[in-house]
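One-letter residues, chain by chain:
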Amino acid sequence: MFKNTKAFSGFSVNDMQKAKDFYNGKLGISITENQMGIMTLKLAGGTDVVVYPKPNHEPATFTILNFAVADVDNAVDGLTQLGIKFEQYDFGDIKTDEKGIMRGNGYGPDIAWFKDPAGNILSVLKEG
């Protein structure tokens, strides 16, 4: 039924200006905005993600966006210089190091998680 239907994802935030400053200003993602105050992230590869305001927003408890990068350490260092803090996790085999990077541990690629101003969880992970 939807095999040839274009789809997109979306998530909510509680402050659109903070989201715009973060996604466009800090992360450098191209955006568009419509007259209703809805922002679209224009991701590499032609992917669009809609960001919409929600007064009773509750942050996602799972990763909503993953950014595949060639070098997780370099990405973490660059984002840290922009004031972005990385999450620290210690869930048995899922444990981050002092920089906030989980180094494989048999669960996949190196990955580091951080949050947007609305508390939604994002990640940078080793591409491939």
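Residues numbered from 1 in each chain as written. Predicted model: local features only at pLDDT ≥ 70, side-chain atom pairs only at ≥ 80, totals over all residues. Heavy atoms only, no water.

### So, helix α1 (residues 16-26)
All of the buried residues in α1 are M16, A19, F22 and Y23. Burial along α1 is one-sided: seen end-on, the buried residues are contained in an arc of 130 degrees. Buried residues along α1 sit in contact with β1 (9-13), β3 (39-42), β4 (48-53), β5 (63-69), β9 (111-115) and β10 (121-126). Regarding α1, its N-cap is D15, as a side-chain oxygen of that residue lies 3.1 Å from the backbone nitrogen of Q17 further along. One or two residues past the end of α1 sits G28, with phi positive at roughly 75 degrees. (Buried < 20%, exposed > 50% of the residue type's maximum accessible area, 1.4 Å probe, protein only. Helix = DSSP H or I, 4+ residues; strand = E, 2+ residues; numbered from the N terminus. Arc of directions from axis to C-beta. Contact = heavy atoms within 4.5 Å. Polar contact = N/O pair within 3.5 Å; in protein donor to acceptor, adjacent residues only side chain to side chain.)

### What about the UniProt feature "domain: VOC" (unreviewed entry) in the chain?
Using the residue numbers shown here, the UniProt feature "domain: VOC" (unreviewed entry) corresponds to residues 5-127. Split by type, residues 5-127 is 17% helix and 35% strand. Its first and last C-alpha atoms lie 27 Å apart. (UniProt positions renumbered as here; feature names shortened; annotations may be inferred.)

### Digging into the pairing of β10
The buried fraction of β10 is high, at five of six residues. Across six bridges, the pairing between β5 and β10 is parallel. Bridge pairing in β10 links T63 to I121. Where β9 and β10 come together, five bridges link them in antiparallel fashion. Residue pairing for β10: W113 is matched across the bridge by S123. Here β9 folds back onto β10, and the loop between the two strands holds five residues, one of which, G119, carries a positive phi near 90 degrees. (Pairing = 2+ DSSP bridges.)

### So, the side chain of D116
Looking at the element boundaries, D116 is found in the loop between β9 and β10. A distance of 2.7 Å separates a polar atom in the side chain of D116 from a polar atom in the side chain of Y23. At 2.9 Å, the side chain of D116 and the backbone nitrogen of A118 are in polar contact. Ignoring anything within four residues of it in the chain, the contact list for D116 reads F11, V13, F22, Y23 and L122.

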